[in-house]
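A look at the structure
The primary structure of each chain is shown beneath.
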Amino acid sequence: MQHSSSSGGVGANAGIVADRKPLSEVVTECVRRWFLDTLKEARTGDVNMQVLVGQMYSSGYGVAKDEQKVFTCFLALCSFIVSVYELQIGDGKC
């Protein structure tokens, strides 16, 4: 099926083409939103998301690399794991 246009390509789709962003910008925005969504979930206590946030800071995926924040993320995660372990074993007396 062929489409013909008497307007030489200018028409309803012209605004869409003019507003297009390069794919790299679209992907960068999506990755950044993914990081922010992951961070939000991590702050609610989701351990899997806390690990992912640490990995994202470590690799610079969706956020600038920040080794201090990687350390902070994993230190908080370790503290959480220790707390869970302590709850499970009680006071250590069997």
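Coordinates for the structure precede this section.
Residues numbered from 1 in each chain as written. Predicted model: local features only at pLDDT ≥ 70, side-chain atom pairs only at ≥ 80, totals over all residues. Heavy atoms only, no water.

1. A few points about the overall build of the protein chain
A count of helices and strands for the protein chain gives 4 helices and 0 strands. Ordered by position from N to C terminus, the α and β elements of the protein chain give α-α-α-α. Out of the 94 residues in the protein chain, the part that is buried amounts to 16%. Residue pairs at least 24 apart in sequence account for 27% of intrachain contacts in the protein chain once pairs closer than 6 positions are excluded. (Helix = DSSP H or I, 4+ residues; strand = E, 2+ residues; numbered from the N terminus. Buried < 20%, exposed > 50% of the residue type's maximum accessible area, 1.4 Å probe, protein only. Contact = heavy atoms within 4.5 Å.)

2. What to know about the side chain of Gln50
Mapping Gln50 onto the fold places it in helix H3 (residues 47–59). Polar side-chain contacts of Gln50 include one of 3.1 Å to the backbone oxygen of Ala42. Setting aside chain neighbours within four positions, we find Gln50 in contact with Ala42, Gly45 and Leu77. (Polar contact = N/O pair within 3.5 Å; in protein donor to acceptor, adjacent residues only side chain to side chain.)

Functional significance is not addressed by these values, which are geometric in nature.
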